[in-house]
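A closer look at the structure
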Amino acid sequence: MKTQLFLRSLLTVLLIAVMLPHGYSQDNNLPNIRILATGGTIAGTGASATGSAYTSGKVTIDAMIDAVPNIRKLANLEGEQTANVGSQDMSVEVWLILANRINELLATDEVDGIVITHGTDTQEETAFFLNLVVKSDKPVIMVSSMRPSTALSADGPLNLYNGVAVAANPNSKGKGVMVVINDAIHSAHAVKKLLTTPVQAFMSPEHGLLGTVNFGLVEFFHEPHGIHTVNSEFSIDGVKELPRVDIVYGCADMSPDLIEIMVKAGAKGIVIAGVGDGNMNAGTLEAAKKATKKGIPVVRAARVPVGSVLIHGEVVDEDYGTVSSDELNPQKARILLMLALQKDKNMSREKLQELMINY
Ligand code: ASP
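The sections below set out a description of the structure shown in this document. (Residues numbered from 1 in each chain as written. Predicted model: local features only at pLDDT ≥ 70, side-chain atom pairs only at ≥ 80, totals over all residues. Heavy atoms only, no water.)

A few words now on the overall build of the protein chain. Counting secondary structure elements, the protein chain contains 10 helices and 14 strands. Its C-alpha atoms give the protein chain a radius of gyration of 23 Å, within 12% of the compact-globule value 21 Å for 359 residues. Referenced to the eigenvectors of the C-alpha coordinate spread, the extents of the protein chain come out at roughly 90 × 45 × 40 Å. By residue count, 50% of the 359 residues in the protein chain fall in the buried class. Across the protein chain, every contact between residues at least 6 apart in sequence was considered, and the portion connecting residues at least 24 apart equals 72%. When the accessible surface of the protein chain is summed, it comes to about 16,300 Å², and 54% of that surface belongs to carbon and sulfur atoms. Separation of charge centres in the protein chain, based on 30 positive and 38 negative side chains, amounts to 4 Å. (Helix = DSSP H or I, 4+ residues; strand = E, 2+ residues; numbered from the N terminus. Rg over C-alpha atoms; globule rule 2.2 N^0.38 Å. Buried < 20%, exposed > 50% of the residue type's maximum accessible area, 1.4 Å probe, protein only. Contact = heavy atoms within 4.5 Å. Areas by Shrake-Rupley, 256 points an atom, 1.4 Å probe, with all protein chains shown as cover. Lys, Arg positive; Asp, Glu negative; His and termini not counted. Charge placed at Lys NZ, Arg CZ, Asp CG, Glu CD.)

Here is the structure:
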């Protein structure tokens, strides 16, 4: 009787031990991938399969995983709901929560890689931020979709499947944060959303793709450009917020007082989405000079979506105290400037320029 009882309890313990929280058995030959969900169109639903109206962030991560056939054959999966917003509402607060959670999970032996589900609108910003503050060489993959889950030919399920395949692939180690969408693998440094609504919205025009992923078959061609993750000098340990940095959008006859207005509102740094090669009209250039003289860094990026901003182009940065964003578009230059100012609010112009070139 005693032996029977003992065996029964042993069986129960063993059963519990091999079951994941959602009732799936653990395969010790597969990597353990944690999926952190933040919302976006990939978790969006609409009233009609052919209508364009929908709401982001409606489907939970468990429902998303369960909707993808064979995904559990790629890895042992566990989902966590970090946020559930359209990424137009992504914030520094969520970035810090996400990055801290990733660092915590990847520091353990139980997690081999992370997949983050996210909206496409600000995906490149979250990817770039994480690329600078995640302290692990384990894979961190961002996935998203252009069509909501209820749409005809929804692209989310295959993107999620491919994202998990990339996270589970041993060759994905040490490549920094990557974005997997539409069968392509992009680096956080190079990826850009260049089209508003088509499925092929993301490109890496300066550096090209890191690789491709076809129904889970992963192929890498290149290494990412720029310093990232374990080699990054930035840390969010104990950081509760980041200094405010605003972006001024350049155009013909732009208002030169915008820089001053933003500084008055509390901006500790300014990025100009300049015309052409990071240019701005004479009045704005003078306003930029005034700001830099007061110790407010001004970075010249470009509203042109592709290409880098020359250090000695039409603007000689030394004359105005400005910095070129090099390859970084305005939204990524803003993130780097926020982290740089968080690290050292009196960072020199030269050091800032070096960062823009190296990250
Ligand atoms: N507005 C959505 C978002 O970024 C768009 C998308 O996910 O495609 O969350």
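Strands belonging to one sheet form pairs held by backbone hydrogen bonds; the direction of such a pair is parallel or antiparallel. Read across the sheet, four strands follow the order E11-E12-E13-E14 without closing on themselves; strand pairing throughout is parallel. If you trace the sheet from one side to the other, it starts and ends with strand E11 (245-249) and strand E14 (323-324), each paired once. Two strands pair when backbone bridges link them, and strand E12 (residues 269-274) and strand E13 (residues 298-302) are joined in this way by five bridges, in the parallel orientation. Paired with Gly274 across the strands is Ala302, a residue of E13. Lying over the sheet, helix H9 (residues 330-343) contacts E11, E12 and E13, oriented at roughly 165° with respect to E12. (Pairing = 2+ DSSP bridges. Axes fitted to C-alpha atoms, helices over the stretch in contact; angles between N-to-C directions.)

If charged atoms from side chains of opposite charge come close, those side chains can pair. If you walk through the whole model with that rule in mind, you get 15 salt bridges. Glu206 serves as the salt-bridge partner of Lys192, at 2.7 Å between the closest nitrogen and oxygen. Pair noted here: Lys192 is in strand E7 (residues 192-193) and Glu206 is in the loop between strand E8 (202-203) and strand E9 (211-214), with a separation of 14 residues, a long-range link. A relative accessible area of 27% means that Glu206 is categorised as partly exposed. A salt bridge links Arg349 to Glu318, with the nearest nitrogen and oxygen atoms 4.0 Å apart. Taken together, the positions of Arg349 in helix H10 (residues 349-358) and Glu318 in helix H8 (residues 317-320) put the pair 31 residues apart, joining distant regions of the chain. A single salt-bridge network, built from bridges that share partners, covers Arg34, Glu78, Glu80, Arg101 and Glu104. (Salt bridge = Lys/Arg side-chain N within 4 Å of Asp/Glu carboxyl O.)

Of all hydrophobic cores here, the largest spans 54 residues; its most connected members are Ile102, Ile114, Phe129, Leu130, Phe234, Leu336 and Met356. Looking at this core, the elements with two or more residues in it are helix H3 (92-106), strand E3 (113-117), helix H4 (123-133), strand E4 (140-143), strand E5 (177-181), E13, H9 and H10. The residues contacting Met356, other than those within four sequence positions of it, are Val299, Val323, Ser324, Ser325, Asp326, Leu328, Ala333, Leu336 and Leu337. Val59, Ala75, Ile141 and Ile185 belong to the second largest nonpolar core, which has 29 residues in total. (Core = buried A, V, L, I, M, F, W, Y, C linked by side-chain atoms within 4.5 Å.)

Time to look at the site of the ligand. In the vicinity of the ligand, the contacting residues are Gly40, Thr41, Tyr54, Ser56, Gly86, Ser87, Gln88, Gly119, Thr120, Asp121 and Ser145. A distance of 2.5 Å separates an oxygen atom of the ligand from a polar atom in the side chain of Thr120. A distance of 3.2 Å separates an oxygen atom of the ligand from a polar backbone atom of Ser145. Out of a free accessible area of 260 Å², the ligand has 93% covered by protein chains. (Near = heavy atom within 4 Å. Polar contact = N/O pair within 3.5 Å; in protein donor to acceptor, adjacent residues only side chain to side chain.)

All right, on to the packing of aromatic side chains then. Enumeration over the complete set of coordinates arrives at two aromatic pairs. Taken together, a centroid distance of 5.1 Å and an interplanar angle of 20° make the contact between Trp95 and Phe129 stacked. On the criterion of sequence distance, the pair formed by Trp95 in helix H3 and Phe129 in helix H4 is long-range, its members being 34 residues apart. The class for Trp95 is buried, based on a relative accessible area of 4%. The exposure class of Phe129 is buried, given its relative accessible area of 0%. (Phe/Tyr/Trp six-rings, centres within 6.5 Å; stacked < 30°, edge-to-face > 60°.)

Moving on: the layout of surface pockets. For the largest pocket, the calculated volume is near 350 Å³. For the largest pocket, the lining is made up of 25 residues, of which Thr41, Tyr54, Met146, Arg147 and Pro148 are closest to its centre. Of the residues in the lining of the largest pocket, the class split is eight nonpolar, 14 polar and three charged. Taken as a whole, the second largest pocket encloses approximately 250 Å³ of empty space. What lines the second largest pocket is a set of 14 residues, and nearest its centre among them are Ala302, Arg303, Asn329, Pro330 and Gln331. Where the lining of the second largest pocket is concerned, the elements lending two or more residues are E7, E11 and H9. Here the residues of the lining of the second largest pocket sort into eight nonpolar, two polar and four charged. (1 Å grid on protein atoms, 1.4 Å probe; cavity = no way out; pocket = protein on both sides within 12 Å on 5 of 7 lines; lining within 4 Å. Points joined across faces, edges and corners; volume = space filled by probe spheres on them. Nonpolar A, V, L, I, M, F, W, Y, C, P; charged D, E, K, R; others polar.)

Just distances and angles here, no functional claims.
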